[in-house]
Amino acid sequence: MASTSSSRASFDEDDTQLAALGYVPSFKREFSNLATISFAFAIMGLCSSVATTFNTPLLLGGPSSVVWCWIIGSSMCFTLGASIAEIVSAYPTSGGLYTASAELCPRKHRAIVGWIVGWLNILGQVAGVSSTEFGLSNMIWAAVAIARPGFEVTSGKVVGLFAGLLIVHGLLNSLTTKHLAWFTKGFVFINLGTTALIIIVLLAVTPRSEMHPANYVFGSAGIVNQTGGWNTGLAFLFGVQWTMTDYDATAHISEEIHRAAYAAPVIGTGLFGWLLNIVMILCSGPLENLPGPSGSAFLQIMQNRMGTAGALVLWTPALHANSRTVFAFSRDHGLPDRGLFGRINKTTKTPLYSVWIVVLATFLPGLLDLASPVAANAIFSLTAMALDSSYIIPIILRRIYEHHPDVQFKPGPFYMGDGLLGWVTNIICCSWVCFVCVIFSFPNIIPVTKENMNYASVITVGVVAFSLVWYFLGGRRHYKGPVSNLPTDKNGDDRRDSVIEASTDVDESDQNADTKFV
């Protein structure tokens, strides 16, 4: 009976906290802590993220860039992840940092802050889902190219498979939260298990005499500038473009998690990824043979060492988080859809409209690849720039307005305190994001042409400018920032106090009933 009481208390505590933030629970809380941690591992990708982006640091800055930029970027990402965790722990809603940003500034600024952060976050997540699915499509065709020498991979084949993958994942995300949580539980074991197997097998099958020396893996011998003219330091730093992002993904499913304030703060997988990168470089063979016929250096290294069959055996979900952001933004009237994408399907209890608008939106950059690969790559590459920019806004606002009467920041279970640790962590992560956004803006190769120009910063600034024009021309008439969807009284005020009171009464009656039973 004690476990039942604990479960009920957990449900009521979650819903009470959500009501205190002004929202009626919209989802069923079906994600356990294991499913949530597994979800975070799946978003950060680990093995798949390393595999799809391995070419970038290797072919620009060389093997040492692969190794050092991952651990440097991951260390900085931990400070960003911790700062984000502190905020989403206090505001566990499906809006994530979008909702938190508006709550962490004075009332008169909430609408425009929420609008900018909401659009930046959606832009970054749409680009992120699109680039992830596109990368998966390329991974699959790379495997086919390895298995069938002479097979030609065309843009049409990549885009066609990309579209099919989006539809399959859209269908999966249309399932009930219970089934999604069940599917998600295994992701952490697949991610870590596959990574561990690749590391073990590569070390086992690579002769010691063919492994690179430490100076090649960690030192100056592994710094190879292949940018065509940028200085070696900048070429090396281009490797930071491939470290983790989407740290707030678990925040977007906070309304579907038991004890959300505890489960949402999940920090990534840097050390395990670093070990994988070290082993890949250690066993990589001659640099001039990479990326090989498949176009994937990661797969080519596996094939060289394990053979085609072994490589293919081991060459085997950001959409969910994105759909919840669209849901929350629509719920607050931030989209011109009259709340359509903020509706919950009565059968699945999930936001089906927002799931499929995300599928459509993420398909467009991939479709663009048929007309202009340069434009498509620009959209793919803005993921980290848009997302990381949306992350530091609430961190900065919290520090600027922490004593403002309109801002009532109540720390959640994850809290670094008001002392030196919290301040230093926040300053480091904000400085890092500003720095890498500059790196993200550089073209990777010179001389710069229209084919290799990096348009990520132009598109990001353009979207923000467009959203601001839209806001002042018409958006501000219907969007007032995150708004409560609780029932209102006759004066038009929401009844969050009565909802919280009722929830507290339920808690007390449950505890009394359990005490009598015992």
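Below or above, wherever it landed, is the structure these notes cover. These numbers come from a predicted model, not from an experiment.

1. A word on the packing of aromatic side chains
Piece 1. Per the counting criterion, the structure on display carries 16 aromatic pairs.
Piece 2. Aromatic pair F54 and F298: ring centres 5.8 Å apart, planes at 80 degrees, arrangement edge-to-face. You can see F54 sitting in the loop between helix 3 (47–53) and helix 4 (55–60) and its partner F298 sitting in helix 15 (residues 297–313), a full 244 residues away along the chain. Like F298, F54 is buried.
Piece 3. Ring centres of W115 and Y471 lie 5.5 Å apart, and the angle between their planes is 55 degrees; this geometry places the pair in the tilted category.

2. Overview of helix 17 (residues 352–371)
Piece 1. Compared with the 28 Å implied by 1.5 Å per residue over 20 residues, the 30 Å span of helix 17 between its first and last C-alpha is a close match.
Piece 2. Taken together, the buried positions of helix 17 are S354, V355, V358, V359, T362, P365, G366 and D369.

3. Here we look at the pattern of salt bridges
Piece 1. One pass over the full model with this rule turns up 4 salt bridges.
Piece 2. The salt bridge involving R305 is made with E210; its shortest N-O contact spans 2.5 Å. Residue R305 is found in helix 15, and its partner E210 is found in the loop between helix 10 (187–205) and helix 11 (214–217); the two are separated by 95 residues along the sequence.
Piece 3. Taking the relative accessible area as the measure of exposure, R305 reaches 16% and is therefore buried.
Piece 4. By relative accessible area, E210 is classed as partly exposed at 40%.
Piece 5. A salt bridge links D418 to R398; the shortest N-O distance between them is 4.0 Å. One end of the pair, D418, is in the loop between helix 19 (383–400) and helix 20 (420–441); the other, R398, is in helix 19, with 20 residues separating them in the sequence.

4. Here's the deal with the packing of helix 5 (residues 63–90) against helix 20
Each pair of packed helices gets described by two things: the angle between the helix axes and the distance between those axes.
Piece 1. Put simply, helix 5 and helix 20 touch, their axes get as near as 9 Å, and they point 120 degrees apart. By the angle between their axes, helix 5 is oblique relative to helix 20. Crossing geometry of helix 5 relative to helix 20 is assigned as left-handed. Between helix 5, through I72, G73, M76, T79, L80, A82, S83 and E86, and helix 20, the contact on the second element is made entirely by T425, N426, I428, C429, W432 and V433.

5. Things to note about the nonpolar core
Piece 1. Counting 48 residues, the largest nonpolar core has L80, I84, I87, Y91, L104 and I395 as its most contacted members.
Piece 2. Elements that contribute at least two residues to this core include exactly helix 5, helix 6 (97–103), helix 7 (110–147), helix 12 (232–237), helix 19, helix 20 and helix 21 (456–478).
Piece 3. If we skip the residues at most four places from it in the chain, I87 touches L97, A100, L104, P394 and I395.

6. Describing the packing of helix 7 against helix 21
Piece 1. Relative to each other, helix 7 and helix 21 sit at 135 degrees, their axes nearing to 10 Å. On the basis of their axis angle, the class for helix 7 and helix 21 is oblique. When the axes of helix 7 and helix 21 are compared, the crossing they make is right-handed. Contact residues: helix 7 offers A111, I112, W115, I116, W119, L120 and L123, while helix 21 offers T460, V463, V464, S467, L468, W470, Y471, F472, G475 and H478.
Piece 2. Its residues assigned to classes, the contact of helix 7 with helix 21 comprises 13 nonpolar, 4 polar and no charged.

Thresholds applied
Residues numbered from 1 in each chain as written. Predicted model: local features only at pLDDT ≥ 70, side-chain atom pairs only at ≥ 80, totals over all residues. Heavy atoms only, no water. Phe/Tyr/Trp six-rings, centres within 6.5 Å; stacked < 30°, edge-to-face > 60°. Helix = DSSP H or I, 4+ residues; strand = E, 2+ residues; numbered from the N terminus. Buried < 20%, exposed > 50% of the residue type's maximum accessible area, 1.4 Å probe, protein only. Expected span 1.5 Å × (residues − 1). Salt bridge = Lys/Arg side-chain N within 4 Å of Asp/Glu carboxyl O. Axes fitted to C-alpha atoms, helices over the stretch in contact; angles between N-to-C directions. Parallel < 35°, antiparallel > 145°, perpendicular 65-115°, else oblique. Left-handed = near helix turned anticlockwise from the far one by under 90°. Contact = heavy atoms within 4.5 Å. Core = buried A, V, L, I, M, F, W, Y, C linked by side-chain atoms within 4.5 Å. Nonpolar A, V, L, I, M, F, W, Y, C, P; charged D, E, K, R; others polar.

All we've got here are geometric facts, nothing functional implied.
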